[in-house]
Amino acid sequence: MVETGDVLVSTDDRSGIRREYPIVDGKPVLIDFDNSVVDRETVTKTKGASEVARNEYSGPAGLLKRILSPENRNTRANIAKLREMLHSLPQPARVLVIGGGSVGRSLNPLYDDEKIEIYSFDIYASPTVQFVADAHALPLCDEFFDAVIVQAVLEHVLEPQKVVAEIWRVLKQDGLVYAETPFMQHVHEGAYDFTRFTESGHRYLFRRFRLIDSGVCGGPGIQLMWSADYFARSLFRSRLAGKIAKLAFSWAQIFDLVIPRDFAIDAASGTYFLGRKSLDTIGPRQIVSHYQGASG
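All of the points below concern the structure found in this document.

**A look at the overall build of the protein chain**
Now for step 1: Scanning the protein chain from N- to C-terminus turns up 10 helices and 11 strands.
Now for step 2: The globule rule puts the C-alpha radius of gyration for 296 residues at 19 Å, and the 20 Å found for the protein chain is close to it.
Now for step 3: Principal axes of the C-alpha set define a box for the protein chain whose edges measure 60 × 45 × 35 Å.
Now for step 4: Looking at the protein chain as a whole, 47% of its 296 residues qualify as buried.
Now for step 5: Nonlocal contacts in the protein chain, meaning residues at least 24 apart in sequence, comprise 72% of its contacts between residues at least 6 apart.
Now for step 6: If you sum the accessible surface of the protein chain, you get close to 15700 Å²; carbon and sulfur atoms cover 55% of it.
Now for step 7: If the 34 positive side-chain charges of the protein chain are averaged to one point and the 37 negative ones to another, these points end up 4 Å apart.

Given below as structure tokens:
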């Protein structure tokens with residue numbers, strides 16, 4: 001690739017096809033615009049700004065945000081487990097963060113770890129990414145990363161299976177993946193919200209990975225808060241009314257500490273998967289026997 005002004009030029013060695021990628025805010029935008037929801041003209045005009053408003057919270061607003069969206073204890077424990085596994089490697093671990101436009105929940109210990117090299121991208125430019133890309137077609141070589149993190153992203157892609165196939169491709173042999181994806185959350189980020197997964201469906205999405213652990217990263221209590229929010233905003237046609245209702249039901253998340261895991265799985269706000277790249281693939285019968293909920 002050759003940088004020319006505000007454009008990065010690439011020529012395919014085999015086909016001879018020449019492609020030009022814009023550079024915005026110092027970040028190369030490595031997207032095949034003909035096959036992406038991202039529009040070249042919009043990216044250039046906005047200098048890679050996010051299509052979705054992303055607010056910064058501080059002071060009283062920050063406190064309210066922490067009450068309504070607290071750090072999840074399962075996420076914190078899972079990231080600690082992943083970090084410990086990466087520390088067992090003989091060299092600094094290369095970790096790819098998909099959707100890293102902002103630092104995800106409980107990920108700061110990985111970003112601050114001198115034994116871990118973070119590579120981060122999103123479909124918009126931000127101080128925390130090295131490049132802009134579409135996860136359906138990663139502009140990265142095969143078997144390069146020791147781990148991939150995809151947190152609260154797969155609901156926002158059109159073809160989750162294609163993204164997971166790309167994750168598998170760029171991971172080293174026995175590389176690790178950690179994913180968190182909504183199950184019973186309502187629509188967020190508007191036009192860029194497409195799909196949801198049960199815990200079993202999430203596991204099957206990662207069927208080419210060996211299971212290390214999976215479960216709930218947001219329980220029925222958090223889901224009840226979401227429901228109160230969207231019920232009120234729908235009834236009163238007001239986002240503010242929704243936030244007031246969500247605050248009024250903030251007590252519900254306390255019960256996630258005592259709800260049994262199998263019942264939580266059937267009514268989870270979100271689920272997680274921690275796995276290792278494998279040459280084996282689980283089949284339909286295996287995913288049926290995998291079910292861990294309480295509805296059977």
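Read on for the rest.
**Some details on the environment of A294**
Now for step 1: On the secondary structure map, A294 appears in the segment after α10 (284-290).
Now for step 2: For A294, a relative accessible area of 29% puts it in the partly exposed group.
Now for step 3: Taking the C-alpha atoms as reference points, A294 and K27, 267 residues apart in sequence, are found 47 Å from one another.
Now for step 4: Once residues within four sequence positions are removed from consideration, A294 is found in contact with D262, F263 and D266.

**Thoughts on the nonpolar core**
Now for step 1: Within the largest apolar cluster, 28 residues are counted, with the highest numbers of intra-cluster contacts made by I98, I167, F206 and F209.
Now for step 2: Contributions of two or more residues to this core are made by β5 (93-98), β7 (131-133), β8 (145-151), α5 (160-170) and β9 (171-182).
Now for step 3: Ranked by the residues each element gives to this core, the list is headed by α5, at 5 residues.
Now for step 4: Those residues in contact with F206 that sit more than four places away from it in its chain are V150, L154, V164, V177, A179 and F273.
Now for step 5: Counting 18 residues, the second largest nonpolar core, distinct from the first, contains M85, L86, L107 and Y178.

**Comments concerning the pattern of salt bridges**
Pairs can form between side chains of opposite charge whenever their charged atoms are close.
Now for step 1: Applying the stated criterion to the full structure yields 11 salt bridges.
Now for step 2: Of the charged contacts, one joins E159 and K162 as a salt bridge, the two residues approaching to 3.4 Å between their closest N and O atoms.
Now for step 3: Through salt bridges with shared partners, a single network forms among D142, E166 and R169.

What counts as what
- Residues numbered from 1 in each chain as written.
- Predicted model: local features only at pLDDT ≥ 70, side-chain atom pairs only at ≥ 80, totals over all residues.
- Heavy atoms only, no water.
- Helix = DSSP H or I, 4+ residues; strand = E, 2+ residues; numbered from the N terminus.
- Rg over C-alpha atoms; globule rule 2.2 N^0.38 Å.
- Buried < 20%, exposed > 50% of the residue type's maximum accessible area, 1.4 Å probe, protein only.
- Contact = heavy atoms within 4.5 Å.
- Areas by Shrake-Rupley, 256 points an atom, 1.4 Å probe, with all protein chains shown as cover.
- Lys, Arg positive; Asp, Glu negative; His and termini not counted.
- Charge placed at Lys NZ, Arg CZ, Asp CG, Glu CD.
- Core = buried A, V, L, I, M, F, W, Y, C linked by side-chain atoms within 4.5 Å.
- Salt bridge = Lys/Arg side-chain N within 4 Å of Asp/Glu carboxyl O.

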